[in-house]
Amino acid sequence: MTKWTPKHEAPEPLEGNVVATITGGTIVWFVLFLVQLPFYRWFDEHGHLWWLWTCLAGGALGLLGVWYVRARDTAINGSRNGDAQNG
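Treat the numbers as computed from the prediction; the structure is a model and nothing was measured.

Student: Give me the lowdown on the pattern of salt bridges, citing residues and values where you can.
Tutor: Tallying each qualifying case throughout the model produces one salt bridge. With a shortest N-O distance of 3.7 Å, R72 and D73 are connected by a salt bridge.

In structure tokens:
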């Protein structure tokens, strides 16, 4: 078996406002949770209660993602500023 080699170079990673993207997604998950909350009994009776908890888990993981991305951006900006001062 031969080793696979790519035919094209990998594209550059997309850089954008990642914090805003993650924050927007987190808000959507929490809104979906709040919209479904009044229908808790219906979801429970029909075996779809996991929909509600999936939205809550998405919102909670989104908060973790916002924290992580902000820390990452701070580290990247600190590294750039440190390179400019030392160079």
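Still more ground to cover, so stick around.
Student: Describe the nonpolar core, with residues and values.
Tutor: Side chains of a nonpolar character, in soluble globular proteins, are inclined to be buried together. If you look at the biggest cluster of nonpolar residues, it comprises five residues: F33, F43, L49, L52 and C55. It is helix α3 (residues 49-86) that provides the largest number of residues to this core, a total of three residues. L52 has contacts with F33, Q36, L37 and Y40, leaving out every residue within four places of it along the chain.

Student: Residues and numbers for helix α1 (residues 18-36), please.
Tutor: Turn by turn, an α-helix covers 3.6 residues, leaving residues three or four places apart pointing in a common direction. A rise of 1.5 Å per residue sets the reference length of α1, with its 19 residues, at 27 Å; its end C-alpha atoms lie 27 Å apart and thus fit the reference within 8%. Those residues of α1 that sit buried are V19, T26, F33 and Q36. The arc enclosing the buried residues of α1, seen along the axis, measures out at 135°, which places them on a common side. Residues of α1 that are exposed and point over 90 degrees away from its buried face: T21 and L34.

Student: Tell me about the side chain of Q36, residues and numbers included.
Tutor: Positionally, Q36 belongs in helix α1. On the accessibility criterion, Q36 (15% relative accessible area) is buried. If we ignore the near neighbours within four places in the chain, the residues touching Q36 are F43, W51, L52 and C55.

Student: Explain the environment of V19 to me, and be specific about the residues and the numbers.
Tutor: Within the secondary structure, V19 is located in helix α1. Spatially, the C-alpha atom of V19 lies 8.9 Å from that of W67, the residues being 48 residues apart in sequence. For V19, the residues in contact, after removing those within four places along its chain, are V69, R70 and D73.

Student: Give me the lowdown on the packing of aromatic side chains, citing residues and values where you can.
Tutor: This structure, assessed with the given rule, holds five aromatic pairs. A ring pair is formed by F33 and W53, whose centres lie 6.4 Å apart and whose planes are at 40°; its orientation type is tilted. Of this pair, F33 sits in helix α1 while W53 sits in helix α3; the two residues are 20 residues apart in sequence, bridging distant segments of the chain. In this structure F33 comes out as buried when scored by relative accessible area, which is 11%. Note on W53: relative accessible area 42%, which makes it partly exposed. Geometrically, the ring pair formed by W42 and F43 is edge-to-face, given 5.4 Å between the ring centres and 75° between the ring planes. We classify W42 as partly exposed; its relative accessible area is 42%. Here the aromatic residues W42, F43, W50 and W51 are joined through ring pairs into a cluster of three or more.

Conventions we followed
- Residues numbered from 1 in each chain as written.
- Predicted model: local features only at pLDDT ≥ 70, side-chain atom pairs only at ≥ 80, totals over all residues.
- Heavy atoms only, no water.
- Salt bridge = Lys/Arg side-chain N within 4 Å of Asp/Glu carboxyl O.
- Core = buried A, V, L, I, M, F, W, Y, C linked by side-chain atoms within 4.5 Å.
- Buried < 20%, exposed > 50% of the residue type's maximum accessible area, 1.4 Å probe, protein only.
- Helix = DSSP H or I, 4+ residues; strand = E, 2+ residues; numbered from the N terminus.
- Contact = heavy atoms within 4.5 Å.
- Expected span 1.5 Å × (residues − 1).
- Arc of directions from axis to C-beta.
- Phe/Tyr/Trp six-rings, centres within 6.5 Å; stacked < 30°, edge-to-face > 60°.

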